[in-house]
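Read off the chains here:
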Amino acid sequence: IISCKTRNLRARRTFVEVYNLGSFAGAADRLGLTQSAVSVQLKKLEEELNVSLFDRSVRPPAMTPEARRLARHARAILNEYEEILAIGAQQPALSGDYRIGFISTAMVRLMPQFLTAASAAHPNASFTVESGLTAALVQRLRRSELDIALITETPGIEDDLFFQPLFSEQFVLTVPTKAKRWSLKRCAASLIHVKLDRPASGIDRLVARRFDELGIECSATQSLDSVEAAMECVNAGIAFSVLPEPDVQRYATNALIRRMKEIDFVRRVGLAARVESPVRNQIEALAALIPNSLPATAE
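The sections below set out a description of the structure shown in this document. Being a predicted model, the structure only gives us computed values, none of them experimental.

## A look at the packing of helix α2 (residues 24–31) against helix α3 (residues 35–49)
Move 1: At a minimum axis distance of 8 Å, the contact between α2 and α3 shows a crossing angle of 105°. Between α2 and α3, the angle is such that the two are roughly perpendicular. Contacts between α2 and α3 involve Phe 24, Ala 25 and Ala 28 from the first element and Gln 35, Val 38, Ser 39 and Leu 42 from the second.
Move 2: Within the contact of α2 with α3, the residues separate by chemical class into five nonpolar, two polar and no charged.

Below is the structure:
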């Protein structure tokens, strides 16, 4: 009884029902079985345990004293097992080898905490982590080279991918400390406009359109592939950029955040997976491992 092997779980439940209701007939009715099926299950249980559970010299058969003691233990074990199943249903465990991508701007901030939380909550899961820009990660998802990816929401991804928003990030203008009081036009004329190399990026298009509307002409533009490199250019006093505020706060050593109504962009960050992938059904469990996840705000 105490071992409670899965293959005999049904017989143990039947045994406990007989104990609770006091009869084979009552247990059969509760479980939707025939009395003969109940009798067969309990006979096999007696053979497995090598214990006489019922006195069959009387009608109906009566539980032996040893059977009543075992039934109390079995009931406690089955109750614990049901609680375990309930917990598992609420928080599905992740298991297996996962290939996950992180956008470059979030890799350093979020990936270490993600792996730490995953190791504690899902010891049977392992993760191979890669970083890249959203466009590259989306293509790798579509080619089944990644199982899931933390990306920036972009138009068209939901045509064939499932996207679960997690939080939003404000973009801000960042300038060297010497440009604290410079106008945006002076920054554009005197500094290099550094942007991340994001082909057809929604943010880049918004920035370009806003600059056109304001009549801003950049004297020089440089595309880089990492937010750290972009911020080092700003820290060095040679560039300005429009970047997610958390990244500016993390890497600014000789740079300032300039919040301007002309530069007011928000991006939504979330997890994406192929629509037909089984991993789609595990997104909630994976999202719970992403630190600093906040409700997504309207753009």
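## Some remarks on the nonpolar core
Move 1: Phe 102, Phe 127 and Ile 151 are the most contacted members of the largest nonpolar core, which totals 37 residues.
Move 2: Among the secondary structure elements, those contributing two or more residues to this core are β3 (96–103), α5 (104–121), β4 (125–132), α6 (134–142), β5 (148–152), β6 (161–176), β11 (265–274) and α11 (283–287).
Move 3: Per element, the largest residue contribution to this core is six residues, and it comes from α5.
Move 4: Not counting residues within four places of it along the chain, the set of residues in contact with Phe 127 comprises Leu 94, Tyr 98, Ile 100, Phe 114, Leu 115, Ala 118 and Leu 286.
Move 5: Judged by nonpolar contacts, the second largest core, of 17 residues, contains Phe 171, Cys 187, Phe 211 and Phe 265.

## Quick word on α3
Move 1: Taking 1.5 Å per residue, 15 residues should reach 21 Å; α3 reaches 21 Å between its end C-alpha atoms and fits that length.
Move 2: Taken as a whole, α3 has its buried residues at Val 38, Gln 41, Leu 42, Leu 45 and Glu 46. In an axial view of α3, the angular spread of the buried residues amounts to 140°, which keeps them on one side of the axis. Of the residues in α3, the exposed ones pointing more than 90 degrees away from the buried face are Lys 44 and Glu 47.
Move 3: Close packing links the buried residues of α3 with α1 (9–21), α2 and β1 (54–55).
Move 4: Looking one or two residues past α3, Asn 50 carries a phi angle of roughly 55°, positive in sign.

## Observations regarding α6
It helps to recall that an α-helix has 3.6 residues per turn; residues three or four apart then point in one direction.
Move 1: Buried within α6 we find Thr 134, Leu 137, Val 138 and Leu 141. All buried residues of α6 lie within an arc of 100° about the axis, which places them on one face of the element.
Move 2: Looking at the packing, one finds that the buried side of α6 touches β3, β4, β5, β6 and β11.
Move 3: Positive backbone phi, at 60°, marks Ser 144, one or two positions downstream of α6.

## Details of unusual backbone geometry
Move 1: Cis geometry marks the peptide bond from Arg 59 to Pro 60, where omega comes out at -5°.
Move 2: Checked against the element boundaries, Pro 60 lands in the loop between β1 and β2 (62–63).
Move 3: Positive phi outside glycine occurs at Asn 50, with the angle close to 55°.
Move 4: Within the fold, Asn 50 resides in the loop between α3 and β1.
Move 5: The class for Asn 50 is exposed, based on a relative accessible area of 71%.
Move 6: Unlike most non-glycine residues, Ser 144 shows phi in positive territory, near 60°.
Move 7: Tracing the backbone through its elements, the reader meets Ser 144 in the loop between α6 and β5.
Move 8: Among the residues examined, Ser 144 registers a relative accessible area of 34% and is labelled partly exposed.

Reading the values: the criteria
Residues numbered from 1 in each chain as written. Predicted model: local features only at pLDDT ≥ 70, side-chain atom pairs only at ≥ 80, totals over all residues. Heavy atoms only, no water. Axes fitted to C-alpha atoms, helices over the stretch in contact; angles between N-to-C directions. Helix = DSSP H or I, 4+ residues; strand = E, 2+ residues; numbered from the N terminus. Parallel < 35°, antiparallel > 145°, perpendicular 65-115°, else oblique. Contact = heavy atoms within 4.5 Å. Nonpolar A, V, L, I, M, F, W, Y, C, P; charged D, E, K, R; others polar. Core = buried A, V, L, I, M, F, W, Y, C linked by side-chain atoms within 4.5 Å. Buried < 20%, exposed > 50% of the residue type's maximum accessible area, 1.4 Å probe, protein only. Expected span 1.5 Å × (residues − 1). Arc of directions from axis to C-beta.

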